[in-house]
Amino acid sequence: DTEVTQTPKHLVMGMTNKKSLKCEQHMGHRAMYWYKQKAKKPPELMFVYSYEKLSINESVPSRFSPECPNSSLLNLHLHALQPEDSALYLCASSQDSAPRAPQHFGDGTRLSIL
Amino acid sequence: KNEVEQSPQNLTAQEGEFITINCSYSVGISALHWLQQHPGGGIVSLFMLSSGKKKHGRLIATINIQEKHSSLHITASHPRDSAVYICAVGGNQFYFGTGTSLTVIP
């Protein structure tokens, strides 16, 4: 069991659907991250929230919309996705957003776009 | 060129063998992380290093800051060690290596 919980574990959606990925941590961490990982590739950073404010957006298309309702929760809203967006989406958290800080990862949501 | 390079990319070992995975980086860092990812997704942090050596069970991680190099060693390897091992460094930002896929055969 990980300390970062992601739901759902699997998601299949059509290109016109709207869905959300959720991430939750109760370790008191103040930085939370979304990563996208394609098969046999390392994770690619998408967004960083630090103290509930978006601090990094790595030029992610607007069809991905992050939200941080409070310090324990991080959502990723999906709309009008493309087949190439099929991937494993990983959430992580750390004490703060300093690159030194170890990140705790969730198990990921495996997303398939039809 | 990647900021973090790992070798080998793929590794197959017999159960019980001593395994070494290498990581070289080209950026200034404040810490280096070794991560483990099993098939199916979840990433587990194994070590965070800023100098010297750390040991946890059968796993040993070393870092040489001057040479910008780290190694992850697994002693007495076991099939459950089969996973992808990822080196990541934190400097001005977080950089991931491309991973080493390890298969340990019984």
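This one's a predicted model, so the numbers in the text were calculated from it and none came from an experiment. (Residues numbered from 1 in each chain as written. Chains lettered and ligands numbered in written order. Predicted model: local features only at pLDDT ≥ 70, side-chain atom pairs only at ≥ 80, totals over all residues. Heavy atoms only, no water.)

1. Description of the interface of chain B and chain A
Rules: In this description, contact between two residues means that some pair of their heavy atoms is separated by no more than 4.5 Å. Defined here as a combined quantity, buried area equals the accessible surface (1.4 Å probe) lost by two parts on assembly, summed across both. When a carboxyl oxygen of Asp or Glu lies within 4 Å of a side-chain nitrogen of Lys or Arg, that pair is called a salt bridge. Any pair of N or O atoms that falls within 3.5 Å is considered a polar contact. Within protein, one atom must be able to donate a hydrogen and the other to accept it, and sequence-neighbouring residues count only if both atoms are side-chain atoms. A run of H or I in DSSP counts as a helix once it spans at least four residues, and a run of E counts as a strand once it spans at least two, with each numbered from the N terminus. Any residue outside Ala, Val, Leu, Ile, Met, Phe, Trp, Tyr, Cys, Pro, Asp, Glu, Lys and Arg is labelled polar, Gly included; the first ten of those are nonpolar and the last four are charged.
Counting residues at the interface gives 21 residues for chain B, matched by 15 residues for chain A. Between chain B and chain A lies a buried interface of about 1400 Å² when both sides are counted; carbon and sulfur atoms form 60% of it. By the criterion of area lost to chain A, the three top residues of chain B are Ile43(B), Phe94(B) and Phe96(B), representing 34% of everything that side buries. Where chain B meets chain A, there are zero salt bridges. Where chain B packs against chain A, one counts one residue pair in polar contact (both at pLDDT 80 or more). Secondary-structure elements contributing two or more residues to the side of chain B that touches chain A are β4 (31–37), β5 (43–49), β9 (83–90) and β10 (94–96) of chain B. It is β4(B) that provides the largest number of residues to the side of chain B that touches chain A, a total of four residues. When the residues that make up the side of chain B that touches chain A are grouped by side-chain class, the tally is seven nonpolar, 14 polar and no charged.

2. Structural notes on the state of the cysteines
In a disulfide, the sulfur atoms of two cysteines are covalently bonded to one another. Residues and elements named next belong to chain A. Note the following rule: Two cysteine sulfurs form what is called a disulfide whenever their separation falls within 2.5 Å. Type-normalised accessible area, obtained with a 1.4 Å probe on protein chains alone, sets the label of each residue: buried when under 20%, exposed when over 50%, and partly exposed for intermediate values.
Counted by the stated rule, this structure contains two disulfides over all chains. Here Cys 23 is linked by a disulfide to Cys 91, with a sulfur-sulfur distance of 1.9 Å. Here the disulfide of Cys 23 and Cys 91 is left-handed, its torsion about the S-S bond being about -70°. With Cys 23 in strand β3 (residues 18–25) and Cys 91 in strand β9 (residues 87–94), this residue pair connects regions lying 68 residues apart in the sequence. The burial state of Cys 23 is the same as that of Cys 91; both residues are buried.

3. Quick word on the nonpolar core
For clarity, the threshold we go by: Grouping buried Ala, Val, Leu, Ile, Met, Phe, Trp, Tyr and Cys residues that are joined through side-chain atoms within 4.5 Å yields what is termed a nonpolar core.
In this structure, Val4(B), Ile19(B), Leu32(B), Trp34(B), Leu72(B), Tyr85(B) and Val89(B) are the most contacted members of the largest nonpolar core, which totals 23 residues. Of all the elements in the fold, those that place two or more residues in this core are β3 (19–25), β4, β5, β7 (59–64), β8 (69–74), β9 and β11 (100–105) of chain B. By size, the runner-up hydrophobic cluster in this structure holds 22 residues, among which are Met46(A), Phe47(A), Phe64(A) and Ile113(A).

4. Section: the packing of aromatic side chains
Short version of the rule: Two rings belonging to Phe, Tyr or Trp (six-membered ring only in the last case) form a pair when the distance between their centres is within 6.5 Å. Interplanar angles under 30 degrees mark stacking, angles over 60 mark edge-to-face geometry, and anything in between is tilted.
This structure, assessed with the given rule, holds four aromatic pairs over all chains. For the ring pair Tyr33(A) and Tyr35(A), a centre distance of 6.2 Å and an interplane angle of 20° mean the geometry is stacked. For the pair formed by Tyr33(A) and Tyr35(A), the shared burial category is buried. Each ring, one from Tyr35(A) and one from Phe105(A), has its centre 5.6 Å from the other, and the planes form 40°; the classification is tilted. Taken together, the positions of Tyr35(A) in strand β4 (residues 31–37) and Phe105(A) in strand β10 (residues 104–105) put the pair 70 residues apart, joining distant regions of the chain. A relative accessible area of 1% places Tyr35(A) in the buried class. Taken together, the aromatic side chains of Tyr33(A), Tyr35(A), Phe105(A) and Phe96(B) make up a single cluster linked through ring pairs.

Without other data, these values stay purely geometric and don't point to any function.
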